[in-house]
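Read off the chains here:
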Amino acid sequence: MTIEITMYLLFLAVGFGLGVVVSLNLSAQRLEKRIQRLTEPAPPRVEINVSEELVARYLDSFDLVAIPKDLVVRVGQAPTRH
């Protein structure tokens, strides 16, 4: 009878020990992820505010010519939907 009680207590102790080890492992992984998130810099927020006048002056600096898309068709191909 004492061997059965001893085996039962050993089984409980091993199960409890494995539960503690798994719990500590999961906690350590969560802590590492949290520390890694805190040490990584946040992605920069880029906000570009450009006036319409500046864009117009930039586009005027190029010699842009508008060509109707029905004139720009390669030989043997249908026009694209751009």
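Our subject is the structure that appears above.
Small disclaimer: the values here were computed from a predicted structure and weren't measured.

Basis of the calculations
Residues numbered from 1 in each chain as written. Predicted model: local features only at pLDDT ≥ 70, side-chain atom pairs only at ≥ 80, totals over all residues. Heavy atoms only, no water. Helix = DSSP H or I, 4+ residues; strand = E, 2+ residues; numbered from the N terminus. Buried < 20%, exposed > 50% of the residue type's maximum accessible area, 1.4 Å probe, protein only. Areas by Shrake-Rupley, 256 points an atom, 1.4 Å probe, with all protein chains shown as cover. Patch = residues over 30% accessible without salt bridge, like charges linked within 9 Å, V, L, I, M, F, W, Y side chains within 5 Å. Salt bridge = Lys/Arg side-chain N within 4 Å of Asp/Glu carboxyl O. Phe/Tyr/Trp six-rings, centres within 6.5 Å; stacked < 30°, edge-to-face > 60°.

Engineer: It is not clear to me how the overall build of the protein chain should be interpreted in this structure. Could you clarify?
Structural biologist: Each helix and strand counted, the protein chain has 2 helices and 0 strands in total. Counting only residues that meet the buried cut, the protein chain has 0% of its 82 residues in that class. Just so you have it, the protein chain exposes about 8,800 Å², and 64% of that area is on carbon and sulfur atoms.

Engineer: I tried to follow a nonpolar patch on the surface on my own but got confused; where do I start?
Structural biologist: Nonpolar side chains collect at one region of the surface, where Val46, Ile48, Val50, Leu54, Val55, Tyr58, Leu59, Phe62 and Leu64 lie side by side and expose about 920 Å² of accessible area between them. Its location among the elements puts Ile48 in the loop between helix H1 (2–39) and helix H2 (52–60). Residue Ile48 is classed as exposed on the basis of its relative accessible area of 66%.

Engineer: It is not clear to me how the packing of aromatic side chains should be interpreted in this structure. Could you clarify?
Structural biologist: Pairs of aromatic rings are described using the distance from one ring centre to the other and the angle between the two planes. Applying the stated criterion to the full structure yields 1 aromatic pair. Measuring from ring centre to ring centre gives 5.1 Å for Tyr58 and Phe62, while their planes differ by 80°; the resulting arrangement is edge-to-face. Phe62 gets classed as partly exposed once you look at its relative accessible area, which sits at 40%.

Keep in mind these values describe shape, not function.
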